[in-house]
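Observations on the model geometry
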Amino acid sequence: MNTHPAWILIGAGLFIAAIGLFWLLGPSLPWIGKLPGDIAVERENVRFYFPLTTCILLSLLLTGIVWVIRFFSK
C-alpha cells in the first residue's frame with residue numbers, strides 16, 4: 001500500500017463526500033433509524049433514542065466495504 005500523503009487526502013476526501021451524500025439522501029430514506037430493534041423512549045419531559053439495529057447494520061456494511069477494498073488491494 002502506498003502511504004504517500006496524497007492518497008491519504010484522497011481517501012479522506014472520499015470519506016467526507018460519502019458522509020455528505022448520506023446526509024443529503026438521509027431524509028429520503030424513511031427506514032433509516034426506524035428499524036425494529038432501534039430503542040426509542042418518549043416521556044413527558046424526556047426523549048431518548050438509540051438506533052441500535054441501524055448502527056449494527058451500518059457497521060456490517062462498512063466492515064464489508066473495507067474487507068473488499070483490502071482483499072482487492074493485495
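Presented here is a report on the structure given in the accompanying data block. Bear in mind that the values here come from a model prediction, so they are computed numbers and not experimental data.

**Things to note about the overall build of the chain**
The helix and strand tally for the chain stands at 2 helices and 2 strands. The helix and strand sequence of the chain, counted from the amino end, reads α-β-β-α. Taken along the three principal axes of its C-alpha coordinates, the chain extends 55 × 20 × 20 Å. Relative to its full complement of 74 residues, the chain shows a buried share of 7%.

**Looking at the packing of aromatic side chains**
On inspection of all chains with the given rule, the structure shows 1 aromatic pair. Both rings, one in W67 and one in F71, keep their centres 5.3 Å apart while their planes meet at 15°; by these two values the pair is stacked. One end of the pair is W67 and the other is F71, both in helix α2 (residues 52–72) and 4 residues apart, which spans about a single turn.

**Focus on the pairing of strand β2 (residues 47–50)**
Note that strand β1 (residues 39–42) and β2 share 4 bridges and pair antiparallel. Residue pairing for β2: A40 is matched across the bridge by Y49. Between the antiparallel neighbours β1 and β2 lie 4 residues.

**Some details on a nonpolar patch on the surface**
Together, I39, V41, V46, F48, F50, L52, I56, L57 and L60 line one region of the surface with nonpolar side chains, adding up to about 790 Å² of accessible area. Of all the secondary-structure elements, those providing two or more residues to the nonpolar patch are β1, β2 and α2. Of note, I39 is situated in strand β1.

**Digging into the side chain of D38**
Here D38 is to be found in the loop between α1 (5–25) and β1. Among the polar contacts listed, one links the side chain of D38 to the backbone nitrogen of T53, at a separation of 3.0 Å. Separated by 3.0 Å, the side chains of D38 and T54 make a polar contact. Those residues in contact with D38 that lie beyond four places of it in its chain are G33, Y49, F50, P51, L52, T53 and T54.

Each value, and the rule that gives it
- Sequence order sets the numbering: in each chain, residues are counted from 1 along the sequence as written.
- At least 70 in pLDDT is required for a residue's local features to be given in this predicted model, at least 80 for side-chain atom pairs to be given and counted, and no such filter applies to totals for whole chains, interfaces and linings, which use all residues.
- Here the side-chain values reflect all heavy atoms present in the structure, with hydrogen atoms and water set aside.
- Only DSSP runs of H or I with at least four residues qualify as helices, and only runs of E with at least two residues qualify as strands; both kinds are numbered from the N terminus onward.
- Buried means the residue's accessible area, taken with a 1.4 Å probe over protein chains only, is under 20% of the maximum for its type, while exposed means over 50%, and partly exposed covers the values in between.
- Note on ring pairs: Phe, Tyr and Trp rings are taken, using the six-membered ring of Trp, and paired if centres are within 6.5 Å. Classes follow the plane angle, with under 30 degrees stacked, over 60 edge-to-face and the rest tilted.
- Between any two strands, at least two bridges found by DSSP are needed for them to pair.
- Patch building starts from residues that exceed 30% relative accessible area and form no salt bridge, then joins like charges within 9 Å and nonpolar side chains (Val, Leu, Ile, Met, Phe, Trp, Tyr) within 5 Å.
- Surface accessibility follows the Shrake-Rupley procedure with a 1.4 Å probe radius. Residue values consider only the protein chains on display as shielding.
- When a carboxyl oxygen of Asp or Glu lies within 4 Å of a side-chain nitrogen of Lys or Arg, that pair is called a salt bridge.
- Here a polar contact is recorded for every N or O atom pair within 3.5 Å, except that within protein the pair must consist of a potential hydrogen donor and a potential acceptor, and residues adjacent in sequence are included only if both atoms are side-chain atoms.
- Contacts are assigned to residue pairs with any non-hydrogen atoms lying within 4.5 Å of each other.

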